[in-house]
Amino acid sequence: MVSYRALFGTMVPLALALLLIGSTEAQLEYGFYKNSCPHAEFIVFQEMTKIIANAPFLTGPFLRMQYHDCFVNGCDASLLLNSTNNNPAEKDAPPNQSLRGFDAIDDIKAKLEMACPGIVSCADILAMIARDSVKLTYGPYYAIETGRRDGSRSEASDTQANLQPPTSNITVLKNIFIQKGLTAKDLAVLTGAHTIGQSLCSSFTERLYNFTGRGFGLDPALDPTYVPQLMCECKPNDNTTRVEMDPGSSRNFDLAYYKGVSRGRGLFTSDDQLLHDPETKAYVERQAMAWPEEFFKDFAESMVKMGRIEVLTHGKGEIRKKCAFVN
Ligand code: HEM
């Protein structure tokens, strides 16, 4: 008969070893490509500088993409995969239909494949272009961890439970962040990304014309002096016009978003809802009056944290040759 001691004498070290392997596997590294593709981050930044000089509006979708990728089954570039005949992919799900710039990502990947074939993952490219978009809009330049590998599953239906709509209340928003290992502070910090970029009118016109859900009504949380401008830019049922989310400053990564939210000028209910929780409210109100250093530092930290969600590393997943297709 096998004794307890004999059995657990081997199981404990085994369990410890598995725990250690598990914790190593979950880890990304700063400078993962320093030997295998030393210029990877520079190549991406150089391409990004050219792309953004020609199409400055792409900084918004490029920053948003990392959030939309990481929250749906982890940071594995599943967002970049194309739909197939029998499988609508994440890219074609409603929250992702307004993203732009996928061709530019293909060009960046092609440059990296020329320099270092089969080395740099599409998931890491998403982290790099999000970071570079912040830098190119005069925000902080922060170091990012790399070493993610690319996933193979991308299903449009996975987006629904993971990307909350702009009508969400603070409880729903906090819950989804907590589910992803993030905090209420990360929510207040990362939503600060709305300091850059544009929104389709259709993402918020309910607040202007149909707040009751019965075909009429204005959201009383909106600053009444801001409403005429929004109504002028966005007529009811307009599905194509885009407006600056942070008017006058939407190409500057700065604190104007927090100033706006604190005055009832957040574009979405989800922005306004930051004022409905003591911790997120205190953050918004502090940043509305602050110098940008604290927000810049917080944003860098929260982005690095978000970039760790359910990553594939150490032989799991693959390095795609083209970001839109599995190998
Ligand atoms: C907390 C929940 C969030 C909600 C409900 C939300 C919702 C939205 C919506 C509805 C839009 C407009 C999309 C359109 O009509 O084109 C948008 C844009 C944007 N979001 Fe968020 N967002 C959230 C969090 C985040 C986070 C965490 C980030 C990044 C860290 C982010 C970055 C952006 C950016 C940069 C844009 C501008 C996109 C563009 O210029 O096309 N958002 N968001």
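Residues numbered from 1 in each chain as written. Predicted model: local features only at pLDDT ≥ 70, side-chain atom pairs only at ≥ 80, totals over all residues. Heavy atoms only, no water.

Q: Sorry, what's going on with the side chain of Gln-287 here?
A: Its place among the elements puts Gln-287 in helix α13 (residues 278–288). In this structure Gln-287 comes out as buried when scored by relative accessible area, which is 0%. Excluding its chain neighbours within four sequence positions, the residues that come into contact with Gln-287 are Leu-255, Tyr-258, Glu-294 and Phe-295. (Helix = DSSP H or I, 4+ residues; strand = E, 2+ residues; numbered from the N terminus. Buried < 20%, exposed > 50% of the residue type's maximum accessible area, 1.4 Å probe, protein only. Contact = heavy atoms within 4.5 Å.)

Q: Mind showing me how you'd approach helix α3 (residues 59–70) here?
A: The α-helix winds at 3.6 residues per turn, so residues separated by three or four positions along the chain end up facing the same way. In a regular helix each residue adds 1.5 Å, so 12 residues correspond to 16 Å; α3 covers 18 Å between its end C-alpha atoms and thus fits that length. Within α3, 10 of the 12 residues are buried, which leaves the element mostly enclosed by the surrounding structure. Buried within α3 are the following residues: Thr-59, Gly-60, Pro-61, Phe-62, Leu-63, Met-65, Gln-66, His-68, Asp-69 and Cys-70. In this structure, the buried side of α3 is in contact with α2 (40–54), α4 (102–115), α5 (122–136) and α14 (293–306). (Expected span 1.5 Å × (residues − 1).)

Q: Looking at this model, I keep getting lost on the coordination of the iron atom of the ligand. Mind explaining?
A: Metal coordination angles have textbook ideals: 109.5 degrees for a tetrahedral set of four donors and 90 or 180 degrees for an octahedral set of six. A lone protein donor contacts the iron atom of the ligand, and this donor is His-194 (NE2), found at 2.1 Å. Inspection of the secondary structure puts His-194 in the loop between α8 (184–190) and β3 (198–200). (Donors = N, O, S within 2.8 Å, 3.2 Å for Na, K, Ca; no water.)

Q: What's the story with the UniProt feature "active site" (unreviewed entry) in the chain in this structure? I'm lost.
A: As annotated in UniProt, the feature "active site" (unreviewed entry) corresponds to His-68 in the numbering used here. If near-sequence neighbours (up to four positions away) are discounted, His-68 is found in contact with Leu-79, Glu-90, Pro-95, Asn-96, Leu-99 and Leu-163. (UniProt positions renumbered as here; feature names shortened; annotations may be inferred.)

Q: Is there a simple way to explain the site of the ligand in this structure?
A: Arg-100, His-194, Gln-198, Leu-200 and Ser-203 are the nearest of the 27 residues found near the ligand. A distance of 3.4 Å is found between an oxygen atom of the ligand and a side-chain nitrogen or oxygen belonging to Ser-199. Put simply, the ligand lies in the largest pocket. Elements supplying a minimum of two residues to the shell around the ligand: α3, α7 (170–179), α8 and β3. With four residues, the top contributor of residues to the shell around the ligand is α3. Here the shell around the ligand is composed, by residue class, of 14 nonpolar, 10 polar and three charged. Inspection of the shell around the ligand shows a minimum of three residues originating in each of domain 1 (30–161) and domain 2 (164–306). (Near = heavy atom within 4 Å. Polar contact = N/O pair within 3.5 Å; in protein donor to acceptor, adjacent residues only side chain to side chain. 1 Å grid on protein atoms, 1.4 Å probe; cavity = no way out; pocket = protein on both sides within 12 Å on 5 of 7 lines; lining within 4 Å. Sits in = over half its atoms within 2 Å of the grid points. Nonpolar A, V, L, I, M, F, W, Y, C, P; charged D, E, K, R; others polar. Domains from an automatic or database assignment.)

Q: Mind showing me how you'd approach the UniProt feature "binding site: heme b" (unreviewed entry) in the chain here?
A: Within the UniProt annotation, "binding site: heme b" (unreviewed entry) is assigned to His-194. Ignoring any residue separated from it by four or fewer positions in sequence, one finds His-194 in contact with Met-245, Asp-246, Tyr-257, Phe-268 and Asp-271.

Q: Would you mind going over the packing of aromatic side chains with me for this structure?
A: Between two aromatic rings, the relevant description is the distance of the centres plus the angle of the planes. Evaluated as defined, the whole model comprises 12 aromatic pairs. Ring centres 5.1 Å apart and planes at 90° place the aromatic pair Phe-32 and Tyr-33 in the edge-to-face group. With 5.9 Å between their ring centres and 50° between their planes, Phe-253 and Phe-296 make a pair best called tilted. Taken together, the residues span a long stretch of sequence, with Phe-253 in the loop between β4 (242–244) and α11 (256–262) and Phe-296 in helix α14 at a distance of 43 residues. Owing to a relative accessible area of 2%, Phe-253 belongs among the buried residues under this scheme. An aromatic cluster is defined as three or more aromatic residues linked by ring pairs; in this entry it consists of Phe-253, Tyr-257, Tyr-258, Tyr-283, Phe-295, Phe-296 and Phe-299. In this structure, Lys-91 is placed above the aromatic ring of Phe-102, and the distance from its NZ or CZ to the ring centre is 4.7 Å. (Phe/Tyr/Trp six-rings, centres within 6.5 Å; stacked < 30°, edge-to-face > 60°. Lys NZ or Arg CZ within 6 Å of the ring centre and 35° of its normal.)

Q: Help me understand the nonpolar core in this model?
A: Most often, soluble globular proteins have nonpolar side chains that are buried together. By size, the foremost hydrophobic cluster in this structure holds 71 residues, and its most contacted members are Phe-62 and Phe-299. In terms of residue count, α5 provides more of this core than any other element does, nine residues in total. For this core, the two domains that each supply at least three residues are domain 1 (30–161) and domain 2 (164–306). In contact with Phe-62, not counting residues within four places along its chain, are Met-48, Ile-51, Ile-52, Arg-100, Gly-101, Ala-104, Ile-105, Ile-129, Ala-130 and Ser-133. (Core = buried A, V, L, I, M, F, W, Y, C linked by side-chain atoms within 4.5 Å.)

Q: Whenever I open this one, the domain arrangement of the chain confuses me. Can you help?
A: It is common to give the size of an interface as the accessible area lost on bringing the parts into contact. Domain boundaries in the chain define domain 1 (30–161) and domain 2 (164–306). Using C-alpha coordinates to define each centre, domain 1 is positioned 23 Å away from domain 2. Taken together, the contact between domain 1 and domain 2 spans 23 residues of the former and 20 residues of the latter. Between domain 1 and domain 2, roughly 1900 Å² of surface is buried when both sides are summed, and carbon and sulfur atoms account for 66% of that area. Put simply, domain 1 and domain 2 have zero salt bridges between them. Viewed at the interface, domain 2 and domain 1 are joined by four residue pairs in polar contact (both at pLDDT 80 or more). Secondary-structure elements contributing two or more residues to the side of domain 1 that touches domain 2 are α3 and α5. The greatest single-element share of the side of domain 1 that touches domain 2, amounting to six residues, is contributed by α3. Of the residues that constitute the side of domain 1 that touches domain 2, the class distribution is 15 nonpolar, six polar and two charged. (Buried area = accessible area lost by both parts, 1.4 Å probe. Salt bridge = Lys/Arg side-chain N within 4 Å of Asp/Glu carboxyl O.)

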